[in-house]
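# Notes for the structure review
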Amino acid sequence: MAVRSPRCGRNTHPPEDPPASPDPNALMIADRLASLGTLVAGVAHEINNPITYVLGNLGDLDRLVGAMREAILTYRGSTTPDVIASAETKIFQAGGLEVLDEILSDAQEGAVRIRDLVRDLLLLSRVTEQASTPVNVHEILDSSLRLVAKQLAARAVLVRDYRATRKVAGDRARLAQVFMNLITNAMQACTPPDPPRHSIVVRTQNTDAGIELEIQDSGNGIPEEIQHEIFTPFFTTKDLGEGTGLGLYISRRIIEQHGGSISFRCPPSGGTIFRVHLPECGVPPPHPPQEG
Ligand SMILES: Nc1ncnc2c1ncn2[C@@H]1O[C@H](COP(=O)(O)OP(=O)(O)OP(=O)(O)O)[C@@H](O)[C@H]1O
Ligand SMILES: [Mg+2]
């Protein structure tokens, strides 16, 4: 469902009316499901890669262990030099003992990558609200960036400039949802065919009251005539299937519930910068969290 911007004139979605007063919690889940839907293909591909080399390494290990087992059995029966030499040849032919460490560490690395991807996905998909805990935003940013690493690399060069040292109090899953929305918008604004020219910069720094996080893209920018509408639910300029128009509405709601704020600007040099302020862990939010 999408709301056209009559002034914008770029939307081509069928004009459906949004619900009179959408339930923000239902919209939050809808936004998350939409993100997960678009992520699945990329994540499946990301998992496929390490699985291939985990399986390859297990195959090598199987051959090597087979040769070692045979050699041990041979040693047991005889200690004559030619029998020992033939047992050693078999181990050598199976790759040699030197590759054992390499095989194991490659397989472990692949398994860790899969575990992390699944963890990243689970973080984003968690439905239940979590009590506010001290959060390192860099961990959540990295988790979101891992999930879109392939798609992002196809569109832009990623620069991380992490300087914040403070933690914020928050719900990790909901913050992950915000970061994923902002990163996805940045990627979508960096339209091909000139990926090397595009960049996405993710910046963090401490402020007096907490941290400031910026996601800057060198993409299309936001036309002035639609800037006042981008936080409206169901407002989108994207084609059907690419955007529901919920991302920024939900993101602002989540950030405000964390006692923070979100803003954007389009610098004259082009592109867009979204800025999020979050209060430091332990500092009471300036306004009570907004509901509804
Ligand atoms: N970084 C950006 N660069 C250019 N335009 C942007 C950017 N971020 C947001 N916009 C504009 O704001 C609109 C609303 O963004 P929002 O994230 O709320 O919805 P969406 O991306 O269209 O859909 P989705 O619900 O899938 O996020 C976008 O359709 C786009 O026109
Ligand atoms: Mg979006």
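As shown above, the structure is provided for reference.
Quantities reported herein were computed from a predicted structural model and do not represent experimental measurements. (Residues numbered from 1 in each chain as written. Chains lettered and ligands numbered in written order. Predicted model: local features only at pLDDT ≥ 70, side-chain atom pairs only at ≥ 80, totals over all residues. Heavy atoms only, no water.)

### Observations regarding the sheet that holds strand E7 (residues 272-279)
Quick reminder of the rule: Strand pairing follows a simple DSSP-based rule, namely that at least 2 bridges must link the two strands. Working definition: helices are DSSP H or I runs of at least four residues, strands are E runs of at least two. Numbering for both runs from the N terminus. For helices, the fitted axis covers only the stretch in contact; all axes are lines through C-alpha atoms, and the angles between them, taken along N-to-C directions, range from 0 to 180 degrees.
Taken in spatial order, the five strands make up an open sheet running E2-E4-E5-E7-E6, and their pairing is mixed. Taken across any chain shown, the strands that pair with only one partner, and hence form the sheet edges, are strand E2 (157-162) and strand E6 (261-265). Averaged over all adjacent pairs, the angle separating strand axes in this sheet is 10 degrees, with direction ignored. Sheet topology places strand E4 (residues 199-206) next to strand E5 (residues 210-217); seven bridges connect them, and they run antiparallel. Bridging from a neighbouring strand, Ile200 pairs with Asp217 of E5.

### Overview of the nonpolar core
Selection rule: For this analysis, a nonpolar core means a set of buried residues of the types Ala, Val, Leu, Ile, Met, Phe, Trp, Tyr and Cys, connected via side-chain atoms within 4.5 Å. Accessibility here uses a 1.4 Å probe with only protein chains present; expressed as a share of the type maximum, an area under 20% marks a residue as buried, one over 50% as exposed, and anything in between as partly exposed. Throughout, the edges of the domains are those of an automatic or database domain assignment. Two residues qualify as a contact provided that any one of their heavy atoms is within 4.5 Å of a heavy atom in the partner residue.
Residues Phe179 and Ile200 are the most contacted members of the largest nonpolar core, which totals 51 residues. Counting only elements with at least two residues in this core, the list comes to helix H1 (24-77), helix H3 (99-125), helix H4 (137-147), helix H6 (172-189), E4, E5, helix H7 (247-257) and E7. Mapped onto the domain boundaries, this core takes at least three residues apiece from domain 1 (22-127) and domain 2 (131-279). Those residues in contact with Phe179 that sit more than four places away from it in its chain are Val137, Ile140, Leu141, Ser144, Leu213 and Ile215. Core analysis: the next-biggest nonpolar cluster, separate from the first, contains six residues, Leu61, Leu64, Ala87 and Ile91 among them.

### A look at the site of ligand 1
How we decide: We call a residue near a molecule or strand when any one of its heavy atoms sits within 4 Å of it. We define a polar contact as two N or O atoms separated by no more than 3.5 Å, with the added condition that, inside protein, one atom must be a possible hydrogen donor and the other a possible acceptor, whereas residues neighbouring each other in sequence contribute only through side-chain atom pairs. We get accessible surface area from the Shrake-Rupley algorithm with a probe of 1.4 Å; when it comes to residues, only the shown protein chains can shield them. Residue polarity follows a fixed list, in which Ala, Val, Leu, Ile, Met, Phe, Trp, Tyr, Cys and Pro are nonpolar, Asp, Glu, Lys and Arg are charged, and the others, Gly among them, are polar.
Neighbouring ligand 1 are 21 residues; Thr236, Thr237, Lys238, Thr244 and Leu246 lie closest to it. Contact between ligand 1 and Asn185: an oxygen atom at 2.8 Å from a side-chain N or O atom of the residue. With respect to ligand 1, the backbone of Gly245 contributes an N or O atom lying 2.9 Å from an oxygen atom. Protein burial of ligand 1: of its 590 Å² of free accessible surface, 93% is covered by the chains. Elements with a minimum of two residues in the shell around ligand 1: H6, H7 and E7. Counting residues per element, the shell around ligand 1 draws most heavily on H6, at three residues. By residue class, the composition of the shell around ligand 1 is eight nonpolar, ten polar and three charged.

### So, unusual backbone geometry
Its identity is not glycine, yet Phe234 carries a phi of approximately 75 degrees, on the positive side. Turning to its location among the elements, Phe234 is positioned in the loop between E5 and H7. Judged by relative accessible area, which is 7%, Phe234 ranks as buried.

### Side note on the packing of aromatic side chains
Formally: In this analysis, rings of Phe, Tyr and Trp, with Trp reduced to its six-membered ring, are considered paired at centre separations within 6.5 Å, and the interplanar angle assigns stacked below 30 degrees, edge-to-face beyond 60, and tilted for intermediate values.
According to the stated counting rule, one finds two aromatic pairs in the structure shown. Judged by centre distance (6.2 Å) and plane angle (45 degrees), the ring pair of Phe231 and Phe264 falls under tilted. In this pair, Phe231 is assigned in the loop between E5 and H7 and Phe264 in strand E6, connecting sequence segments 33 residues apart. Ring pairs connect the aromatic residues Phe231, Phe264 and Phe274, which therefore count as one cluster.

Such coordinate-based values are descriptive only and should not be taken to indicate function.
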